[in-house]
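Survey of secondary and tertiary structure
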Amino acid sequence: MKEWFAIIMGASLLVLMIPILYRIIAGPTGFDRILGVNVIGTKTAVILVIIGTLFDRVDMFVDFAIAYALLNFVGAIVVSRYFNRTVPLQEMEKPKSRPRRRART
Amino acid sequence: MIECIASTVVATESANNPGWFLVHAVGVAMGTVGLVFFLGTAVGMVRFPDFYTRMHAAGKGDTLSTMLMLGGFGLVMMEDFSLGSWLLLLKILGIVLFIFITTPTSSHALMRAAFEDDEMPLGENDLEKRRRSRRGSSAK
């Protein structure tokens, strides 16, 4: 029962990752792509635990899952900070007049 | 019939204690509910019109589905009360706690980055315009 539960769960996770992969490829902005990568990385931690179930080495694969979740979190934080500080090039040439699309209230 | 399934599962899976069947059934149910939540995340990521609404779907559904699935697997892994089994469950609960803290944090950081990068949410006018253009294209 345990093996079949793991196999069905992993296969359905893999199938459900396809729409998120579509969002990564066709996302209008870069933030959509980062969001999709973040979701897929979190699910990869789950899939690592499932693979550990199938290999009967869960104690080892759980450590991999912890490391993967940590790297995923650090990657998301770093990329969001990077986008936060980035100014487009033509706005950098003329400082002080950074146009906003709409005034923030 | 349920007793028949339970007896076979108990006979093959765990030594001779029918109480473990209940634990495993709870684990399987938690995993299935997690899959349903992840289905919601996937559908929301495709169908929502805006970055912020997509982030709404992704942040909530992703956190809850990951926690439910990992908790379910932690329960399914339990077979006896030995030290290694408890340690395994504790490690999986550690991942659950870590994801419970970090996924909302990264969602918050991404949302803040998008807001300071002048990514504006769609208003009612934009939605009406988009709906009208879609209706016009489908009428052709």
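Keep in mind that this is a model prediction, so the values were computed, not measured. (Residues numbered from 1 in each chain as written. Chains lettered and ligands numbered in written order. Predicted model: local features only at pLDDT ≥ 70, side-chain atom pairs only at ≥ 80, totals over all residues.)

1. Some thoughts on the overall build of chain B
Threshold: In this description a helix means any DSSP run of H or I spanning at least four residues, a strand means any run of E spanning at least two, and both kinds are numbered starting from the N terminus. In this scheme every C-beta is placed from the backbone, and a residue whose C-beta has 20 or more other C-beta atoms within 10 Å is buried, one with 12 or fewer is exposed, and one in between is partly exposed. Once C-beta atoms are placed from the backbone, any two residues with those atoms within 7 Å are in contact.
Scanning chain B from N- to C-terminus turns up five helices and zero strands. Reading the secondary structure of chain B in the N-to-C direction produces α-α-α-α-α. Evaluated residue by residue, chain B yields a buried proportion of 29% over its 140 residues. Within chain B, counting contacts between residues at least 6 apart in sequence, those at least 24 apart form 63% of the total.

2. What about the overall build of chain A?
Assigned secondary structure in chain A consists of four helices and zero strands. Element order for chain A, N to C, with α for helix and β for strand: α-α-α-α. Counting across all 105 residues of chain A, residues that qualify as buried make up 30%. If you take every contact in chain A between residues at least 6 apart in sequence, the share linking residues at least 24 apart comes to 45%.

3. Side note on the interface of chain A and chain B
Heads up, the condition is: Only Asp, Glu, Lys and Arg are considered charged, only Ala, Val, Leu, Ile, Met, Phe, Trp, Tyr, Cys and Pro nonpolar, and every remaining residue, Gly among them, polar.
Taken together, the contact pairs 39 residues of chain A with 42 residues of chain B. Counting only elements with at least two residues in the side of chain A that touches chain B, the list comes to α1 (2-26), α2 (30-55) and α3 (58-85) of chain A. Here the element with the most residues in the side of chain A that touches chain B is α2 of chain A; it accounts for 13 residues. Taken together, the residues of the side of chain A that touches chain B break down into 23 nonpolar, eight polar and eight charged.

4. A short note on the environment of P18 of chain B
Residue and element names in this part refer to chain B. Structurally, P18 is set in the loop between α1 (2-12) and α2 (19-47). Judged by C-beta crowding, with 13 C-beta atoms within 10 Å, P18 ranks as partly exposed. In sequence terms P18 and E116 are 98 residues apart; their C-alpha atoms lie 57 Å from each other.

5. Regarding α1 of chain A
Where we set the bar: The span one expects for a helix is its residue count, reduced by one, times 1.5 Å.
The terminal C-alpha atoms of α1 of chain A lie 37 Å apart, and with 25 residues this matches the ideal 36 Å at 1.5 Å per residue to within 8%. Check the buried side of α1 of chain A and you find it contacts α2 of chain A together with α2 of chain B.

6. Some details on the nonpolar core
Applied cut-off: Put simply, a nonpolar core is a cluster of buried Ala, Val, Leu, Ile, Met, Phe, Trp, Tyr and Cys residues tied together by C-beta atoms within 7 Å.
By size, the foremost hydrophobic cluster in this structure holds 45 residues, and its most contacted members are V46, V49, V62 and A65 of chain A together with L70, I95 and L110 of chain B. When residues in this core are grouped by element, the largest group, twelve residues, is from helix α3 (residues 51-77) of chain B. Dropping the residues within four chain positions of it, I95 of chain B is found in contact with A45, V62, A65, I66 and A69 of chain A together with L70 of chain B.

7. Details of the packing of α3 of chain B against helix α4 (residues 83-116) of chain B
Relative orientation and spacing of two packed helices are given, respectively, by the angle between their axes and the distance between those axes. All names here are of chain B. Applicable threshold: In this analysis an axis means a line fitted to C-alpha atoms, helices contributing only their contacting stretch, and an angle means the value between N-to-C directions, from 0 to 180 degrees. By definition in this entry, angles of less than 35 degrees are roughly parallel, angles greater than 145 are roughly antiparallel, angles of 65 to 115 are roughly perpendicular, and the rest are oblique.
As a packed pair, α3 and α4 sit with axes 9 Å apart at the nearest point and diverge in direction by 175 degrees. Put simply, α3 runs roughly antiparallel to α4. Taken together, the residues that form the contact of α3 with α4 break down as 18 nonpolar, seven polar and one charged.

8. Focus: unusual backbone geometry
One non-glycine residue, D56 of chain A, adopts positive backbone phi at about 60 degrees. Along the polypeptide, D56 of chain A turns up in the loop between α2 and α3.

9. Things to note about the packing of α1 of chain A against α2 of chain B
To be explicit about the condition: Left-handed describes a crossing in which the near helix is turned anticlockwise from the far one by less than a right angle; the clockwise case is right-handed.
Two elements in contact, α1 of chain A and α2 of chain B, have axes whose closest approach is 8 Å; the angle formed by their N-to-C orientations is 15 degrees. One way to sum up the angle between α1 of chain A and α2 of chain B is to call them roughly parallel. When you trace α1 of chain A past α2 of chain B, the crossing you get is left-handed. From α1 of chain A, F5, M9, S12, L16, P19, I20, Y22 and R23 of chain A reach across to α2 of chain B, where they touch V28, G31, L35, F38, L39, A42, M45 and V46 of chain B.

10. So, α3 of chain B
Taking 1.5 Å as the rise per residue, α3 of chain B with 27 residues should run 39 Å; its terminal C-alpha atoms sit 38 Å apart, in good agreement. Taken across its 27 residues, α3 of chain B has 22 buried, putting it largely inside the fold.

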